[in-house]
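# Remarks on the overall topology
Read off the chains here:
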Number of protein chains: 4
Amino acid sequence: MVTPLLDEDTLDLKGCEKLLEHLIKGGVHGVFILGTTGEGPSLKQSLQLELIQFVCGQVAGRVPVLVGVMGASFKEAARMAASAEEYGAYAVVVAPPIFYQISQDELYGFTNQLIREISLPVYLYNNPGLTKVSFGVETIEKLIRNPQVIGIKDSSADMSYYNRLLELTRPSGMPLLMGPEELLMESVLIGGGGGVPGGGNAFPELFVKIYGSAKAGKLEEALSLQREVMKISRTLYSGSGYGSSNVINGIKCALKHLDICNDYLAQPLQKASPEKEKKIRQFLAAS
Amino acid sequence: MVTPLLDEDTLDLKGCEKLLEHLIKGGVHGVFILGTTGEGPSLKQSLQLELIQFVCGQVAGRVPVLVGVMGASFKEAARMAASAEEYGAYAVVVAPPIFYQISQDELYGFTNQLIREISLPVYLYNNPGLTKVSFGVETIEKLIRNPQVIGIKDSSADMSYYNRLLELTRPSGMPLLMGPEELLMESVLIGGGGGVPGGGNAFPELFVKIYGSAKAGKLEEALSLQREVMKISRTLYSGSGYGSSNVINGIKCALKHLDICNDYLAQPLQKASPEKEKKIRQFLAAS
Amino acid sequence: MVTPLLDEDTLDLKGCEKLLEHLIKGGVHGVFILGTTGEGPSLKQSLQLELIQFVCGQVAGRVPVLVGVMGASFKEAARMAASAEEYGAYAVVVAPPIFYQISQDELYGFTNQLIREISLPVYLYNNPGLTKVSFGVETIEKLIRNPQVIGIKDSSADMSYYNRLLELTRPSGMPLLMGPEELLMESVLIGGGGGVPGGGNAFPELFVKIYGSAKAGKLEEALSLQREVMKISRTLYSGSGYGSSNVINGIKCALKHLDICNDYLAQPLQKASPEKEKKIRQFLAAS
Amino acid sequence: MVTPLLDEDTLDLKGCEKLLEHLIKGGVHGVFILGTTGEGPSLKQSLQLELIQFVCGQVAGRVPVLVGVMGASFKEAARMAASAEEYGAYAVVVAPPIFYQISQDELYGFTNQLIREISLPVYLYNNPGLTKVSFGVETIEKLIRNPQVIGIKDSSADMSYYNRLLELTRPSGMPLLMGPEELLMESVLIGGGGGVPGGGNAFPELFVKIYGSAKAGKLEEALSLQREVMKISRTLYSGSGYGSSNVINGIKCALKHLDICNDYLAQPLQKASPEKEKKIRQFLAAS
């Protein structure tokens with residue numbers, strides 16, 4: 001879920017409410033806040049806490065709320081997880097620390113220790129493009145021996161790696177979630193547990209349907225829905241910036257024109273350009 | 001300056017005091033805290049604030065105190081800078097935001113806006129290995145038009161880039177500081193304004209001398225001192241981990257055996273291995 | 001197809017013959033020689049020509065023979081393609097030039113011009129990990145307007161990119177072949193035209209079956225065969241070297257123990273280690 | 001030295017002659033052909049041989065001729081070295097094989113074996129941006145034990161690495177040559193043995209002077225000449241392409257306007273754009 005903002009310092013609470021109702025009505029199986037698409041690391045801590053509290057209150061147990069814990073400081077990560085528990089989140093999604101380049105040993109040490117300081121169930125969040133380090137397959141293997149770890153989200157877009165994780169998680173049935181929505185269908189076809197598609201903010205029903213048809217092995221239907229995903233990807237995520245920037249400003253722009261929430265992005269990211277905005281408006285009008 | 005720690009949550013204040021006196025006695029021209037070597041991003045904010053306050057108090061104006069501002073959140077960066085001012089720091093050293101991959105436009109937008117929210121003088125801190133984005137030469141050119149920007153620290157280890165920055169800063173004489181200490185001598189020889197050598201925590205006099213001899217054009221003397229730097233580099237910074245990890249745990253290990261401060265490293269980094277510790281002890285004994 | 005060698009300078013012709021018969025008996029739909037797995041760039045030109053001639057003669061039209069054209073020199077690439085035609089190859093598989101980092105403009109210029117100098121049908125060969133440059137989607141779009149281009153082989157292992165190429169090739173039905181065998185099944189499930197699996201050298205039937213079951217939409221069967229692929233991948237391609245090295249020495253080692261051909265690798269690659277050889281022998285014995 | 005070409009297949013022999021006389025008159029201490037700037041890998045072998053023969057004949061022993069050996073095939077590298085010897089070259093400059101990603105073990109094996117097949121003295125040529133692998137410091141240490149290795153050319157632009165090599169070569173006085181001309185002055189100041197500056201094709205005297213003043217420790221003079229180098233760099237090597245492309249087309253464009261040789265570049269590189277050509281013409285007119 002994106003984080004609706006009025007400005008650098010203020011949540012768009014009305015937008016948050018509308019977005020959450022839009023998602024739940026769209027049939028999502030859970031809500032993941034404060035991840036990469038949620039601009040988690042860009043928000044000051046008090047705003048993050050306010051968002052967790054608001055979302056947990058608004059969702060009120062209708063679906064699980066997962067909270068991203070992405071930071072450079074161990075102590076602040078632990079504190080964020082404690083707050084998530086207090087406000088009623090279902091689980092935290094733990095990424096590697098985001099500053100230093102670290103070895104697998106250091107990554108294991110940090111994550112293992114952090115999980116011990118946390119009481120909530122944990123998803124591991126692999127996102128090497130932004131955190132610089134990838135959870136090695138052996139590191140994952142050791143970490144998931146801890147029953148507190150109940151799932152994995154992989155945003156590496158590396159299907160060879162994903163296939164190796166699938167082999168690790170198949171015996172236990174632990175859900176292995178796909179980050180990039182362009183790969184959601186195929187990941188579910190080969191046994192993946194679902195996805196965390198950014199485009200689901202604007203079009204939750206579409207992604208819920210893709211998941212359902214891929215899981216049921218309805219190949220033709222899944223492929224045809226996948227073509228719609230590729231159209232969204234080409235339109236909403238276009239632009240000259242880097243990946244996350246293009247994705248987040250595209251989603252927020254679409255949500256604004258769907259009359260759901262404000263399109264402000266926290267520093268350092270920037271709104272969609274006027275040309276992109278026009279393209280998205282036309283796309284929405286034609287949908 | 002490294003940050004002496006007793007554990008994840010506690011400054012080694014006695015160690016901070018001894019380290020600061022060691023540095024000032026060694027002749028340093030300033031103290032830079034909460035940078036990469038200072039594990040700034042790993043420390044929770046309240047600990048960062050405590051350190052700033054302590055250091056400014058202990059230094060008491062004898063040399064300028066520069067405070068690293070490295071984070072993912074604009075609002076927290078601004079707040080940290082405001083606190084640095086309040087406690088009496090001389091300047092802040094501003095790095096790009098550390099999470100998203102961003103364009104030069106986004107980098108300029110973030111940094112320019114941040115400088116406006118700050119009253120202290122600003123150094124720009126280029127460290128693309130860790131922040132993913134390098135301040136482009138054109139971006140630097142635009143930013144240093146603002147008289148509030150009074151210097152640059154470049155830790156890219158890219159001398160071609162450094163040479164291009166030198167051309168930009170030569171007319172005004174703005175100091176261009178070198179990050180990696182192995183390149184300090186040559187950067188000063190070609191017109192650089194000094195350095196921020198991590199090894200200076202343990203051996204401040206050596207680096208002060210290198211700076212002096214290079215600045216005075218005493219080539220032979222500078223080259224001979226440089227050989228000592230290379231020995232330190234080979235011994236203290238060896239190891240199988242990544243750069244920052246090896247550097248910081250080597251410095252802290254040496255400081256411990258110089259009886260200056262504790263060698264605890266904040267998560268995710270780890271202490272020097274026993275083999276490395278032994279090597280460093282022998283090196284110090286032989287010095 | 002790997003290139004069976006007796007030493008740096010000599011083809012293992014007996015091994016070539018046995019390997020080709022093994023492949024054809026295994027049901028392969030074509031043979032691709034002198035690609036990355038075929039150590040094309042490591043072989044001197046006269047040896048490459050000898051191999052093309054031998055393979056075309058031995059195959060004798062039973063399946064199409066595709067010849068990799070991977071080099072740094074335009075003129076030599078053109079000459080290799082002319083020889084491939086003369087010896088009766090079905091098509092050439094053209095990679096970007098392998099030395100300089102080049103722009104999409106330069107890549108388009110080189111490839112477009114090369115195709116003009118070639119009479120055979122052309123596959124485009126994307127392998128950015130080794131050629132440094134990826135065929136951009138727009139570059140592919142322009143190049144495939146030329147009817148001489150009849151297919152694409154993508155070894156990027158980037159499924160997001162692959163999905164975008166699928167959209168380009170869907171209207172015409174142009175085959176889009178998958179490089180990494182771990183991704184063969186899923187690429188065919190979503191509409192891909194097949195694969196060029198290195199492991200097919202040793203186990204051609206397995207990969208022919210995977211292709212068939214995925215193409216027929218038999219999901220359960222495909223997934224179960226895919227598990228065998230992952231076992232091969234874990235065993236044959238293990239090792240401490242880089243990807244290509246591990247893959248090629250694993251395949252050649254298995255072929256040696258299947259009594260098909262010699263396991264010599266051309267410089268700079270090296271044979272499987274004794275430990276790896278033992279592991280592969282045990283794997284084959286248990287199969 | 002760049003390779004003057006009339007077209008893809010034809011040397012500009014008149015240009016070669018004029019360029020060589022221009023260089024020798026400019027005071028160069030040697031001529032390095034068929035390196036990266038010489039477009040070695042782009043030329044078919046017969047053209048490479050023709051160039052070696054022509055250059056050795058024209059130079060006629062006035063300065064040493066060094067021949068780059070850069071390819072993917074061991075046997076062809078060995079053959080090129082043998083031809084270089086036959087035509088009277090002074091040494092060969094051996095780069096890692098240019099296709100596969102390889103380990104230090106594989107790199108050592110390839111290079112060590114290649115040196116054994118060569119009778120000429122050898123320079124090692126480090127150019128990791130293009131060959132993907134860097135000669136590790138330990139690998140260099142082992143290779144230079146062989147007295148046939150008489151020098152190193154480092155084009156990594158990594159001064160920390162260069163400093164470590166300097167320590168290895170200082171005891172024997174083995175020349176350690178700098179690739180990027182922007183770093184020539186400082187490398188000589190700290191003990192380097194000279195450089196292989198591409199810009200020396202057009203302005204040989206300037207670079208000979210820089211070398212001389214840096215070697216003599218005349219810091220002020222060296223710095224002032226260095227400023228001219230930076231001007232050349234900014235003008236001749238500007239452009240939107242990648243490094244080598246911009247450098248080579250800039251040099252050839254300048255040589256054309258200095259009336260020395262043709263500005264044709266072998267595929268895949270392309271001539272300077274008309275805008276760049278105009279800029280260079282103005283620069284030359286003002287010099």
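Higher on the page you've got the structure.
To start, this report covers the structure provided alongside it. In this text the structure is predicted, and so the values were computed from the model without any measurement.

This next bit is on the relation of the copies chain D and chain C. For the pair chain D and chain C, the relating rotation is 180°, the translation along its axis is 0.0 Å, and the fit reaches an RMSD of 0.0 Å. The two molecules are tied by a two-fold rotation axis, judged by turn and shift. Most of the interface of chain D is mirrored in chain C, where 100% of its interface residues are also at the interface.

Let's shift gears to the packing of aromatic side chains. Going through the model one piece at a time under the given rule, you end up with 16 aromatic pairs over all chains. Note on Phe203 of chain A and Phe283 of chain A: the rings are 6.5 Å apart at their centroids and 85° apart in plane angle, and the pair reads as edge-to-face. Taken as a pair, Phe203 of chain A in the loop between β9 (194-195) and α9 (204-215) and Phe283 of chain A in helix α12 (residues 274-286) lie far apart in primary sequence, 80 residues in all. Given a relative accessible area of 18%, Phe203 of chain A falls into the buried group. The buried category is assigned to Phe283 of chain A, whose relative accessible area is 16%. Judged by centre distance (5.7 Å) and plane angle (75°), the ring pair of Phe32 of chain C and Tyr125 of chain C falls under edge-to-face. Taken together, the positions of Phe32 of chain C in strand β3 (residues 31-33) and Tyr125 of chain C in strand β6 (residues 122-126) put the pair 93 residues apart, joining distant regions of the chain. Classification of Phe32 of chain C by relative accessible area gives buried; the value is 11%. A cation sits over an aromatic face here: Lys142 of chain D above Tyr108 of chain D, 4.1 Å from the ring centre.

Our focus in this paragraph is the sheet that holds strand β7 (residues 149-154) of chain B. Residue and element names in this part refer to chain B. Strand order in this open sheet of 7 strands is β3-β4-β5-β6-β7-β8-β9, and the pairing throughout is parallel. The open sheet terminates on both sides in strands that have one partner only, identified here as β3 (31-33) and β9 (194-195). Across 2 bridges, the pairing between strand β8 (residues 176-178) and β9 is parallel. When the bridges of β9 are listed, Leu177 appears paired with Gly194. The sheet contacts of helix α3 (residues 74-87) involve β4 (65-69) and β5 (91-94), and relative to β4 the element is tilted by about 170°.

Now for the pairing of β4 of chain B. All names here are of chain B. Counting buried positions along β4 gives 5 out of 5 residues, so the element sits mostly inside the fold. Burial along β4 is two-sided: Val65, Val67 and Val69 facing one way and Leu66 and Gly68 facing the other are all buried. Note: β3 against β4, 3 bridges, orientation parallel. By the bridge assignment for β4, Phe32 is matched with Leu66. A crossover links β3 with its parallel partner β4, the connecting element being helix α2 (residues 45-59), and its sense is right-handed.

A few words on the interface of chain D and chain C. In this assembly, 41 residues from chain D lie in contact with 41 residues from chain C. Roughly 3,600 Å² is buried in total at the junction of chain D and chain C, and carbon and sulfur atoms are behind 65% of that figure. Of all residues in chain D, the largest losses of buried area upon contact with chain C belong to Phe99, Tyr100 and Glu106 of chain D, amounting jointly to 21% of the total for that side. In this assembly, chain D and chain C are joined by 0 salt bridges. The interface formed by chain D and chain C holds 12 residue pairs in polar contact (both at pLDDT 80 or more) in total. For the side of chain D that touches chain C, the elements supplying multiple residues, two or more each, are α3 (74-87), α4 (104-117), α5 (128-131) and α11 (243-257) of chain D.

What follows covers the interface of chain B and chain D. On the side of chain D, 20 residues touch chain B, which itself brings 20 residues to the contact. At the boundary of chain B with chain D, total buried surface from both sides reaches about 1,800 Å², with 57% on carbon and sulfur atoms. Summed over the shared surface of chain B and chain D, the number is 2 salt bridges. Our enumeration of links across chain B and chain D arrives at 4 residue pairs in polar contact (both at pLDDT 80 or more).

What counts, and at which threshold
Residues numbered from 1 in each chain as written. Chains lettered and ligands numbered in written order. Predicted model: local features only at pLDDT ≥ 70, side-chain atom pairs only at ≥ 80, totals over all residues. Heavy atoms only, no water. Least-squares fit on C-alpha atoms with pLDDT ≥ 70 in both. Contact = heavy atoms within 4.5 Å. Phe/Tyr/Trp six-rings, centres within 6.5 Å; stacked < 30°, edge-to-face > 60°. Helix = DSSP H or I, 4+ residues; strand = E, 2+ residues; numbered from the N terminus. Buried < 20%, exposed > 50% of the residue type's maximum accessible area, 1.4 Å probe, protein only. Lys NZ or Arg CZ within 6 Å of the ring centre and 35° of its normal. Pairing = 2+ DSSP bridges. Axes fitted to C-alpha atoms, helices over the stretch in contact; angles between N-to-C directions. Right-handed = clockwise from strand over helix to strand, strands pointing away. Buried area = accessible area lost by both parts, 1.4 Å probe. Salt bridge = Lys/Arg side-chain N within 4 Å of Asp/Glu carboxyl O. Polar contact = N/O pair within 3.5 Å; in protein donor to acceptor, adjacent residues only side chain to side chain.

Treat this as a map of the structure, not an account of what it does.
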